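Each chain, written out:
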Amino acid sequence: MATTPAPTRPGPVLRRDVEHRMLGGVCAGLARHIGIDPIIVRVAFVAAATAGGVGVVVYLLAWVFLPAGDAPAAPVWLRTSRGTIEIAVGIAFLALSVLLTFRAFGLLFSDVIVWPLVLVAAGAALLWRQWLGGGLPGGTVHRAPERAAPGGDAAGPRPADRSAAGRRPALPAAPATPADRAALVSRTSLGVALVIAAGIAFLSATGSLSAARDVVLSVLVVAVVLAVIFFPWVLRLVRSLTEERAERVRSQERAEMAAHLHDSVLQTLALVQQRSDDPRAVAALARRQERELRAWLSRRAPAAGDPPRLAAALETAASEVERDHGVAVEVVAVGDADLDAPGEALVAAAREAMVNAAKFGGGSTVDVYAEALDGEIQVYVRDRGPGFSPDDLPADRRGVRESIVGRMARHGGKGEIHSAPGAGTEVELTLPRSPA
Amino acid sequence: MTSVPAAPRVLIVDDHQLFRAGVRSELEGRVDIAGDAATVDDAVREIASLAPDVVLLDVHMPDGGGVEVIRRAAAQGDPPRFLALSVSDAAEDVIAVIRAGARGYVTKSISGEELADAVRRVHEGDAVFSPKLAGFVLDAFAGAPPAEALAGGGDHGTGDDPALDHLTPREREVLRHLARGYLYKEIALRLGISTKTVEAHVSAVLRKLQLSNRHELSRWAVERRLVE
């Protein structure tokens, strides 16, 4: 990485957070603020610095006056919801504003320099983005909602986790479809054209200046053009290093997962041994652990704002009943459905049935089966308890029965209770599915 | 059950010593426990030397897990019957081990009596589906059956390939009852068929599960590989 001078060294730093800022974190902060790559901001600053040293002054001032922000809420890598072109335009404006700032400082900048630099900035943004994991617009967007979820999981607040999570989405950048590839090619050509145009515009506009200055500037411009065009190859080098690091992160995550599993399993086993005289407590412990683990493994934690789903709601109800009544409730769901008002009534009725089964099922496992396939949703709640004859329904269960059967009827569904002495009880709930 | 000539010889494979001990004490007296093994290598060795009838197989173990044991035992020739036993309810785990060749899948929360029953059933060549597995199968085979199967009047699996990719209404009905927690004999009673017929239906489903190319099944298999 000795290929680039110290302050412009954008490669690996880009992958990092505040802890890996380059100098004062001004560019990173700015980039985060407007939601683009810090590299682009940095390039703008460096360009400004080489063109009169004002970039340095502005940077130092910003360093002094900008307060050190908290750790970013979302890694800068998650911003890809914007199109590349949009970003390029944004960069152009950014460069423009930086140059106008120079002018406000009373520094001598002619429009001759301003416009080519703006063009270069836009072209650079186009060229470089695809090498920085942004080649596929929207390719990493799906990460954003779960990251942005407020008060989220344990992965949220720790910087180490964030940098790990932030790095992951930057990896897959290979164009997936021919359309993507075509877009990539056209973006590349557009970027190259912009940069070359900037060089030519600059040279022709300054042609009237003194010969000495011409030579210096021409060399400078050629150098800049070459740097802009070949920077991607340098970046690719840096990128392979980054992928190595990402691989390390992944294996670290795997180790973390193993640690989580072992901790929870071992802990539960210890508790089970301690309380081996109380089978119910043991079963409850084991099942709670089981649920927790399974949810953790499948990362089913619903993102904030996701519509509630039938299977998840039934799982939740089951684990609550399990916890409150110490009876195992096994949920099997086939298909799934969004929860509308009748769906919620269905879950509530199913929950009643589970509570009922837990109370009167003689401690047997409660089996819940939900099927949301064609046209209707069916839920069966079954226990293997003593059962009863429908004719002499115990008085204390009549109300419950009403709350199941009546509730379903009110929402256009059907609730039936099948039971016979010695054969357990099964509650059957049916709800016509509202057309999607 | 009365016709079982001898208690099946069982090998217990699980990397948790506590769990092996637990299963052993649960099954003691119900089946003939030939031995146990804690690793994939041990398991493959013990299968060769002890020649058990049924292997109770943990899905999750280091070095490839239950799937690897089944694969290597099959390579040795004359493999025993496998009953997968796991705390994992992830579809991809369950389907992977069934497609590798296990004849059944039960969760570790199963009672000793039910487990012994499942072992006997597998020993006799039947399939054992937990409610969860039945649910996965229904999920995987959900949706309209392929058009060619309908055209062929596909109620009865005729053994041609499209028939592998969908379930008959009867099989679906049996699976739904399994998922609802019914036992084979209860299902037989409710559907008015013999327990043997129920077993035949479940075995047919097992075969489809192992041989079908349905998209859902291969997708789960792929996810499984990614996890490993």
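Reading the values: the criteria
Position numbers for residues start from 1 in each chain and track the written sequence from start to end. Each chain is given a letter, starting from A, and each ligand a number, starting from 1, according to the order in which they appear as written. Totals for whole chains, interfaces and linings use every residue, but because this is a predicted model, local features are given only for residues with pLDDT of at least 70 and side-chain atom pairs only at 80 or more, for both listing and counting. Excluding hydrogens and water, the side-chain values take into account all heavy atoms of the structure. In DSSP terms, a helix is any run of H or I states spanning at least four residues, a strand is any run of E spanning at least two, and both are numbered starting from the N terminus. Exposure categories follow from relative accessible area, calculated using a 1.4 Å probe and restricted to protein chains: below 20% of the type maximum is buried, above 50% is exposed, and the middle band is partly exposed. Paired rings are identified among Phe, Tyr and Trp, the last through its six-membered ring, by centres lying within 6.5 Å, and are further divided according to the angle between planes into stacked (under 30 degrees), edge-to-face (over 60) and tilted (the rest). We call two strands paired when DSSP finds no fewer than two bridges between them. Contacts were defined at the residue level, with two residues in contact if any of their heavy atoms lie within 4.5 Å. Take the accessible area each of two parts loses on contact, using a 1.4 Å probe, and add the two losses: that sum is the buried area. A pairing counts as a salt bridge when a side-chain nitrogen of Lys or Arg comes within 4 Å of a carboxyl oxygen of Asp or Glu. Under the rule applied, a polar contact is a pair of N or O atoms within 3.5 Å (in protein, one hydrogen donor and one hydrogen acceptor; residues adjacent in sequence only if both atoms are side-chain atoms). Residue polarity is assigned by list, with Asp, Glu, Lys and Arg as charged and Ala, Val, Leu, Ile, Met, Phe, Trp, Tyr, Cys and Pro as nonpolar; anything else, Gly included, falls into the polar class. Angles here are taken between N-to-C directions and fall from 0 to 180 degrees, while the axes themselves are lines fitted to C-alpha atoms, restricted in helices to the stretch in contact. The sense of a crossing depends on the near helix, which, turned anticlockwise from the far helix by less than a right angle, makes the crossing left-handed and, turned clockwise, makes it right-handed. Confidence scores labelled pLDDT are given residue by residue by the predictor and lie between 0 and 100.

Now for the environment of A:Val98. Residue and element names in this part refer to chain A. Among the secondary structure elements, Val-98 is positioned in helix α4 (residues 84–104). A relative accessible area of 13% means that Val-98 is categorised as buried. In this structure, the C-alpha to C-alpha distance between Val-98 and Ala-47, residues 51 residues apart in sequence, is 9.8 Å.

Okay, the packing of aromatic side chains next. All names here are of chain A. Taken as a whole and judged by the stated rule, the model has 2 aromatic pairs over all chains. With a centroid separation of 5.9 Å and an interplanar angle of 50°, the aromatic rings of Phe-230 and Trp-233 are classed as tilted. With Phe-230 and Trp-233 both in helix α9 (residues 211–274) and 3 residues apart, this pair spans about one turn of that helix. We classify Phe-230 as partly exposed; its relative accessible area is 47%.

Most peptide bonds take the trans form, and the phi angle of most residues other than glycine is negative. Phi at B:Ala51 takes a positive value of approximately 45°, unusual for a residue other than glycine. Relative to the helices and strands, B:Ala51 resides in the loop between α2 (40–50) and β3 (54–58).

In this section: the pairing of strand β5 (residues 425–432) of chain A. Residue and element names in this part refer to chain A. β5 sits mainly inside the fold: 7 of its 8 residues count as buried. Summarising the sheet, strand β3 (residues 376–383) and β5 pair through 8 bridges and their orientation is antiparallel. Residue pairing in the sheet places Asp-383 in a bridge with Thr-425 of β5. Relative to β5, strand β4 (residues 414–419) is paired through 6 bridges, and the arrangement is antiparallel.

Attention now goes to the interface of chain A and chain B. Counting from both sides, the interface comprises 21 residues of chain A and, opposite them, 18 residues of chain B. Together chain A and chain B conceal approximately 1,800 Å² of surface at their shared face, both sides included; 49% is due to carbon and sulfur atoms. Counting the surface chain A buries against chain B, the share from its top three residues, A:Val332, A:Tyr369 and A:Arg382, is 25%. A salt bridge links B:Arg176 to A:Glu371; the shortest N-O distance between them is 2.8 Å. One can count 10 residue pairs in polar contact (both at pLDDT 80 or more) joining chain A with chain B. Contributions of two or more residues to the side of chain A that touches chain B are made by α9, α10 (279–298), β1 (329–334), β2 (366–372) and β3 of chain A. Broken down by element, the residue count for the side of chain A that touches chain B peaks at 5 residues, all from β1(A). Here the side of chain A that touches chain B is composed, by residue class, of 9 nonpolar, 3 polar and 9 charged.

The next thing to look at is the pattern of salt bridges. Summed over the entire model, instances satisfying the criterion amount to 22 salt bridges over all chains. Residue A:Lys414 is joined to A:Glu416 by a salt bridge in which the shortest nitrogen-to-oxygen separation is 3.3 Å. In this structure A:Lys414 comes out as partly exposed when scored by relative accessible area, which is 46%. On the basis of relative accessibility, which here comes to 27%, the residue A:Glu416 falls in the partly exposed class. Notably, a salt bridge pairs B:Arg176 with B:Glu173, separated by 3.7 Å at the nearest N-O pair. Pair noted here: B:Arg176 and B:Glu173 are both in helix α9 (residues 169–179), with a separation of 3 residues, about one helical turn. By relative accessible area, B:Glu173 is classed as partly exposed at 24%. Within the structure, one salt-bridge network assembled from shared partners comprises B:Asp117, B:Arg120, B:Arg121, B:Lys196 and B:Glu199.

We now examine the packing of α2(B) against helix α3 (residues 65–76) of chain B. When two helices pack together, you describe them by how their axes are tilted relative to each other and by the distance separating the axes. All names here are of chain B. The contact between α2 and α3 brings their axes to 9 Å, and the two run at 35°. Along this stretch, α2 crosses α3, giving a crossing that reads as right-handed. Across from Val-40, Asp-41, Ala-43, Val-44, Ile-47 and Ala-48 in α2, the residues of α3 making contact are Gly-65, Glu-68, Val-69, Arg-72, Ala-73 and Gln-76. Taken together, the residues of the contact of α2 with α3 break down into 7 nonpolar, 2 polar and 3 charged.

As summarised here, the arrangement of the 5 strands in space is β1-β2-β3-β5-β4 (chain A), forming an open sheet in which the pairing is mixed. Strand pairing shows two members of the sheet lacking a second neighbour, β1 and β4 of chain A, which therefore form its edges. Recorded for the sheet is a direction-independent mean angle of 10° between the axes of neighbouring strands. Sheet topology places β1(A) next to β2(A); 6 bridges connect them, and they run parallel. Among the inter-strand pairings, A:Val329 is bridged to a residue of β2(A), identified as A:Val366. Against the sheet, helix α12 (residues 341–360) of chain A engages β1, β2, β3 and β5 of chain A, with an angle of about 10° to β3(A). Seen against the sheet, helix α6 (residues 131–140) of chain B touches β1 and β2 of chain A and runs at an angle of roughly 10° to β1(A).

Residues and elements named next belong to chain B. Taken over all residues, the pLDDT of chain B has a mean of 80, while the share at 70 or more is 84%. By mean pLDDT, the top-scoring element of chain B is α9 (91), and the lowest-scoring one is helix α7 (residues 147–151) (45). Under a pLDDT of 50 for its full length, residues 146–160 has, in the predicted model, 15 contacts with residues more than four places off or in other chains.

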